[in-house]
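Structure at a glance
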Amino acid sequence: MDIPGELFRPFNKEIIIKAETEKVSLTYWHDVWRRLRRNKVAMASMACIILLFLIAILGPILSPYSYSDQIRGDESQWPSWKHWMGTDPLGRDMLIRILYGARISLSIGVVATLVNLVIGVIYGGISGYFGGKLDQIMMRVIDVIYGIPLMLYVILLSVVLRPLMNELFKMPAFSFFKSAGAGLIGMYITLALSYWITTARIVRGQILSLKEQEFITAAKALGANGFRILTRHLIPNCIGPIIVTTMLLIPDAIFTESFLSFIGLGVDAPVPSWGSLASEGLGGIRSYFYMLLFPSLAISITMLVFNLFGDGLRDALDPRMRK
Amino acid sequence: MGYYIIKRFLYSFITLFIVISITFLLMHAIPGSIFTKDRELPPNIIKNIEAKYGLDLPFYQQYFRMLGNIAHLDFGMSMQNEGRKVNDIISQQFPNSAMLGIFALLICMMIGIPLGIISALKNGKWQDNASMVLATLGVTIPSFVLAVLAQYVFSVKLKLFPVIGFSSIRHAILPAIALSFFPLSFVARLIRSSMLETLEQDYIRTARAKGLAEGIVIYRHALKNSIIPVVTYFGPLIAGILTGSFVIETIFNIPGLGRYYVQSISNRDYTTIIGVTVFYAAFVIIMNLVVDIVYVLIDPRIKLKH
Amino acid sequence: MDNLLDIKNLKTEFMTYAGKVSALNNIDISIKYGEAVGIVGESGSGKSVTMLSIMKLLSENGKVVDGRIFFNGRYIENLSEKEMQSIRGNEIGMIFQDPMTSLNPVFTVGYQLVEAIRKHKKLPRKSAWEKAAELLKLVGIPDPERRIRQYPHEFSGGMRQRVMIAMALSCEPRLLIADEPTTALDVTVQAQIMELMKDLKDKVNTSIILITHDLGLVADICERVFVMYGGMIVENAGTNQIFEEPLHPYTKGLLKSIPRANLGKERLKPIEGQPPDMIDLPAGCPFLARCPHAMEICYLRKPPYIEISDGHGAACWLLYIKNGGV
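Keep in mind that this is a model prediction, so the values were computed, not measured.

Within chain A, the secondary structure is distributed over 12 helices and zero strands. Starting at the N terminus and walking to the C terminus, you meet the elements of chain A as α-α-α-α-α-α-α-α-α-α-α-α. The burial tally for chain A puts 49% of its 323 residues in the buried class. At a minimum sequence separation of 6, the contacts of chain A that also span at least 24 residues come to 70%. Element-wise, carbon and sulfur atoms account for 66% of the exposed surface of chain A, whose accessible area totals about 16,100 Å².

This is the structure:
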């Protein structure tokens, strides 16, 4: 081997140390965003979701028809340039009805999820943070509720809420909501009260495990009070799993609404919901297949993109869960 | 272990009790007389009917009366079908639902488990991708959408199966497949992720280091460990099939309890709603209990823990 | 040839999410019949990968890309999966780091032992169970007839590691690979397990590879040591030589970080810095960043392995200078 002697001079390590520090250090959220962006399926789903919201908001504004307009002479039309998705036997334009259905589905998804999120975070947060006897009791309560088949409870609630709402609407203070219909308001309330258990469990679990970690002890030792620890340290650290659960709750709520509307428990006619549209379409399955196809597609695509986006988000937020 | 089972049993009992109470309270929260509905009846007739169903009694008496009746497994009379007992309705309609449900559960096990295993073993290859696309569709597309589309394609267009009814095996095939699609996909996804996790465990490496053939490593050492955690999902799975039956039976016009339940909801047949809800809840709770006990029996680790 | 195992120029790579990882870079290891050797290094230095390469048990993303492994008369890279299976557990027994997770929780200890025995020895079921009980007795588990029907979770960590040892020895292997067998155990249990291994080494006369990061354990049981760093063998020596005359700066650092009773007022010295990132390993010496004697050549080229006496050598440019290379 022939090696020039000057290579045996001491090596200046700053060269590699400098190289090390020049590597960009990514923050957690940068990293999440980078992983998410790399996931094509999730990005496509996200685009679809944004598009869906835009269509739901703008569509009915731009359409020449309203969801309850019965157009004489245009009954039971197959899709055409005039009615892109055809019309129903009463002459109502299917496209506008499906767009309204999107408003209902998405608003239910968002409202139900947000309310459940608040309830779940508060319940789980209190239970996990205070621990001890209180936690024991609160968890037993959850165990019991968890044992109740959710769909039965949802059905029961919507059975009861409809006449209750109608009664309420008779009072002047609530008459404002009457236009939305007892079914829709009942649906919001039912779904808002139904899904918080998962969130509560996750939040509690996260808080319990975080409580053991040293930075919490350090914060306590520095004299931070309970509320501050909860809001500044614990909640931010649970945010990942909470986002994932929340995202996956949206399609659940949308599904439940369409399921209930399909069996006749949801929104009241003439307000269209995808579930009730599909149910109407079922009656004409032999001759008016399009009436079944379009609402079915709308539900399926919506469920799919929300689920795919939720899955992608989960992988991006927690690479360890990646399978 | 005995202690654990007793504890689970107690929990189930409390849950059932709470379900019954909630059902009772919710039904009584409905304003006005539950007979008023659309038709206007003379007050004295309403009074008579109320007396017949015990609705004139004070609130708490009605409650205890109902608890007593349920303890005797008596759900009272249907309000819409004069003279029919809710018990009879259940015992006549439920066997059809149960048959359909068992059929669906079998399909779900026979296809879902192998699908999940193949997926895990071929992780990342086309078999895995194909199965997971199928399973993702299965958990996202609502069962009623799937059912009506299947009905349209296979029965109305291709005429391979009868459109509606429930008088032969051929009638049951399409509904059972439609009903099993969600649980099947769910099971396939669970088995896949459970299997992938198991295959990374140290004891799998130990089994390989012993010189065992790959087949034995997978089907003896990995499979048993992967299926055990999945057993706990059988409770929700059965509950899922049950709620799925509400729409599937309605769509295919199957004379099961699910369709009847949906009908009694739209008819506001409150005694039937209470009876069937409590029956369903009890059914699911008991199934959960059975699943928990089975889980304890097949997983040797739990014996000591509890 | 009087070596049981001869590894020449072994190179193993992993494809990961973040890029290609060169886990092993041209490793040479040889072990004589009946010899006990230690492989010492930090976690991530490639000790376990070496063993899994020998057993052909690398995970799916790992691959031996170069080199030859000669074991007991055969080149194992030429063997089919079926032939490998008759070597694993039969000619090579393995003990893993974490006894708590290395036994299958849903089968009894006896079942798992019998499975290994019956795979390689044509024994009737009954005698296999008897043999399993004997093995448990051999590794010092009291009341083996009863314990054999119990599940792993009914055993303590130390007892499970004894079961693992029994399983590894069940077919009287030529080579026993112990991958950090005591790391996960309490100190007192550690001593018992090492005592057991020493005892068994004399009784059953197998060759042993002890993988560890603890030079103390090596001194206890091994005749030779291979020191690994960043996927390379940086030093190879007899056990005495390594304590008396360490050559590589990393080995010297390791020795300084061992607590010793006769240390007096001298302080324990940790090795400064972090092990290298295996994804973009520098072209030169992997120890460069932590080496107190780093030279420019170390940055540019991998140091050659230089033998200074029979069976004692190291891969370091300092040795090159010392031997008059410049």
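Tallying secondary structure elements over chain C gives 13 helices and 12 strands in all. In summary, chain C has a C-alpha radius of gyration of 21 Å against a globular reference of 20 Å for 326 residues, a match within 12%. Viewed in the frame of its principal axes, chain C has a C-alpha envelope of about 70 × 50 × 40 Å. Considering chain C as a whole, with its 326 residues, one finds that 57% of them fall into the buried category. Considering only intrachain contacts with a sequence separation of at least 6, the fraction spanning at least 24 residues in chain C is 62%. Entry remark: accessible area of chain C is about 14,300 Å², with carbon and sulfur atoms responsible for 51%. In chain C, which carries 39 positive and 39 negative side-chain charges, the distance between the mean positions of the two groups comes to 3 Å.

A few words on helix α4 (residues 94–130) of chain A. Three or four residues apart is the spacing at which side chains of an α-helix point the same way, because the helix has 3.6 residues per turn. Over its 37 residues, α4 of chain A runs 53 Å from end to end, which matches the ideal 54 Å to within 8%, given 1.5 Å per residue. Backbone geometry just after α4 of chain A places Gly131 of chain A at a positive phi near 60 degrees.

A separate point is the sheet that holds strand β12 (residues 312–315) of chain C. Through backbone hydrogen bonds, the strands of a sheet pair up, either in parallel or in antiparallel fashion. Residues and elements named next belong to chain C. Taking strand neighbours across the sheet as the criterion, the eight strands line up as β6-β7-β8-β3-β9-β10-β12-β11 in an open arrangement whose pairing is mixed. Each of the sheet's edge strands pairs with one partner strand only, and the pair in question is β6 (92–95) and β11 (305–309). Averaged over all adjacent pairs, the angle separating strand axes in this sheet is 20 degrees, with direction ignored. Bridging between strand β3 (residues 36–40) and strand β8 (residues 207–212) involves five bridges; their strand directions are parallel. By the bridge assignment, Gly38 is partnered in β8 with Leu210. Along the sheet, helix α1 (residues 47–55) makes contact with β3, β6, β7 (175–179), β8 and β9 (224–229), crossing β6 at roughly 145 degrees. Its contacts with the sheet put helix α8 (residues 187–204) on β3, β6, β7 and β8, and the angle it makes with β8 is roughly 160 degrees.

Our focus in this paragraph is the pairing of strand β4 (residues 62–71) of chain C. All names here are of chain C. Relative to β4, strand β1 (residues 3–16) runs antiparallel, the two being bridged by eight bridges. When the bridges of β4 are listed, Leu5 appears paired with Phe71. Of the pairings in the sheet, the one linking β4 to strand β5 (residues 74–75) comprises two bridges and is antiparallel in character. Bridge pairing links Phe70 to Tyr75 in β5. The hairpin formed by β4 and β5 contains two residues between the paired strands, and Asn72 there has a positive phi angle of roughly 45 degrees.

Let's shift gears to the interface of chain A and chain B. The interface is formed by 39 residues belonging to chain A together with 46 residues belonging to chain B. Put simply, Asp311 of chain A and Arg189 of chain B hold a salt bridge, and the shortest N to O gap is 3.7 Å. Those elements that place two or more of their residues in the side of chain A that touches chain B are α5 (132–147), α6 (150–169), α10 (226–262), α11 (274–283) and α12 (289–317) of chain A. Taken together, the residues of the side of chain A that touches chain B break down into 27 nonpolar, five polar and seven charged.

When the pLDDT values of chain A are averaged, the result is 79; 87% of them are 70 or greater. Ranking the elements of chain A by mean pLDDT puts helix α1 (residues 14–22) of chain A last with 57 and helix α3 (residues 40–62) of chain A first with 88.

Our next topic: the interface of chain C and chain B. Between chain C and chain B, the contact holds 29 residues from the first and 22 residues from the second. Here chain C packs against chain B, burying approximately 2,200 Å² in sum over the two surfaces, 59% of which is carbon and sulfur. On the chain C side of the contact with chain B, Val106, Glu115 and His153 of chain C bury the most area, a combined 25% of that side's loss. Scanning the region where chain C abuts chain B turns up two salt bridges. Here Arg220 of chain B makes a salt bridge to Glu115 of chain C, at a shortest N to O gap of 2.6 Å. At the boundary of chain C and chain B, one finds 13 residue pairs in polar contact (both at pLDDT 80 or more). For the side of chain C that touches chain B, the secondary structure elements donating two or more residues are α1, β6, α3 (99–102), α4 (109–120) and α7 (157–169) of chain C. At six residues, α4 of chain C tops the list of elements feeding residues into the side of chain C that touches chain B. Tallied by class, the residues present in the side of chain C that touches chain B amount to 15 nonpolar, eight polar and six charged.

Moving on, we get to the packing of aromatic side chains. Applying the stated criterion across every chain yields a total of 20 aromatic pairs over all chains. Arranged with centres 4.5 Å apart and planes meeting at 25 degrees, the rings of Phe262 of chain A and Phe144 of chain B form a pair that is stacked. Separated into two different chains, Phe262 of chain A in helix α10 and Phe144 of chain B in helix α6 (residues 143–157) make up a pair that spans both. A relative accessible area of 0% places Phe144 of chain B in the buried class. Taking 5.4 Å as the distance between ring centres and 75 degrees as the angle between the ring planes, the aromatic pair formed by Phe94 of chain B and Phe283 of chain B counts as edge-to-face. A residue pair is termed long-range when its members are at least 10 positions apart, and Phe94 of chain B in helix α4 (residues 86–121) and Phe283 of chain B in helix α12 (residues 270–298) qualify at 189 residues.

Turning our eyes to something else, we now look at the environment of Met79 of chain B. Residue and element names in this part refer to chain B. With respect to the secondary-structure elements, Met79 resides in the loop between α3 (59–71) and α4. Taking relative accessible area as the criterion, Met79 reaches 5% and is therefore assigned buried. Residues Met79 and Ile49, 30 residues apart in the sequence, show an inter-C-alpha distance of 9.4 Å.

The subject of this paragraph is unusual backbone geometry. All names here are of chain C. A positive phi angle, near 60 degrees, is found at Asn9, a position not held by glycine. Residue Asn9 is classed as partly exposed on the basis of its relative accessible area, which comes to 32%. Backbone geometry places Asn26, a non-glycine residue, at a positive phi of 50 degrees. Among the secondary structure elements, Asn26 is positioned in strand β2 (residues 19–32).

Turning our eyes to something else, we now look at the sheet that holds β1 of chain C. Spatially, four strands are ordered β2-β1-β4-β5 (chain C) in an open sheet, and the strand pairing comes out antiparallel. Of all the strands in the sheet, the pair left with one neighbour each is β2 and β5 of chain C.

Right, let's get into the side chain of Gln112 of chain C. As for its placement among the helices and strands, Gln112 of chain C is situated in helix α4. Taking the relative accessible area as the measure of exposure, Gln112 of chain C reaches 2% and is therefore buried. At 3.0 Å, the side chain of Gln112 of chain C forms a polar contact with the backbone oxygen of Phe107 of chain C. Ignoring sequence-local partners within four residues, the contact set of Gln112 of chain C consists of Lys210 of chain B together with Leu103, Asn104, Phe107, Pro152 and Met167 of chain C.

Attention now goes to the nonpolar core. The biggest cluster of nonpolar side chains holds 144 residues, and the ones touching the most others in it are Ile155 and Ile263 of chain A together with Met27, Phe144, Phe246, Tyr261 and Tyr280 of chain B. Sequence-distant contacts of Tyr280 of chain B, that is, excluding residues within four places in its chain, are made with Leu152 of chain A together with Phe94, Leu242, Phe246, Leu257, Gly258 and Tyr261 of chain B. With 110 residues, the next largest nonpolar core counts Ala209 of chain B together with Ile27, Ile95 and Phe226 of chain C among its residues.

What counts, and at which threshold
- Residues numbered from 1 in each chain as written.
- Chains lettered and ligands numbered in written order.
- Predicted model: local features only at pLDDT ≥ 70, side-chain atom pairs only at ≥ 80, totals over all residues.
- Heavy atoms only, no water.
- Helix = DSSP H or I, 4+ residues; strand = E, 2+ residues; numbered from the N terminus.
- Buried < 20%, exposed > 50% of the residue type's maximum accessible area, 1.4 Å probe, protein only.
- Contact = heavy atoms within 4.5 Å.
- Areas by Shrake-Rupley, 256 points an atom, 1.4 Å probe, with all protein chains shown as cover.
- Rg over C-alpha atoms; globule rule 2.2 N^0.38 Å.
- Lys, Arg positive; Asp, Glu negative; His and termini not counted.
- Charge placed at Lys NZ, Arg CZ, Asp CG, Glu CD.
- Expected span 1.5 Å × (residues − 1).
- Pairing = 2+ DSSP bridges.
- Axes fitted to C-alpha atoms, helices over the stretch in contact; angles between N-to-C directions.
- Salt bridge = Lys/Arg side-chain N within 4 Å of Asp/Glu carboxyl O.
- Nonpolar A, V, L, I, M, F, W, Y, C, P; charged D, E, K, R; others polar.
- pLDDT = per-residue confidence, 0-100.
- Buried area = accessible area lost by both parts, 1.4 Å probe.
- Polar contact = N/O pair within 3.5 Å; in protein donor to acceptor, adjacent residues only side chain to side chain.
- Phe/Tyr/Trp six-rings, centres within 6.5 Å; stacked < 30°, edge-to-face > 60°.
- Core = buried A, V, L, I, M, F, W, Y, C linked by side-chain atoms within 4.5 Å.

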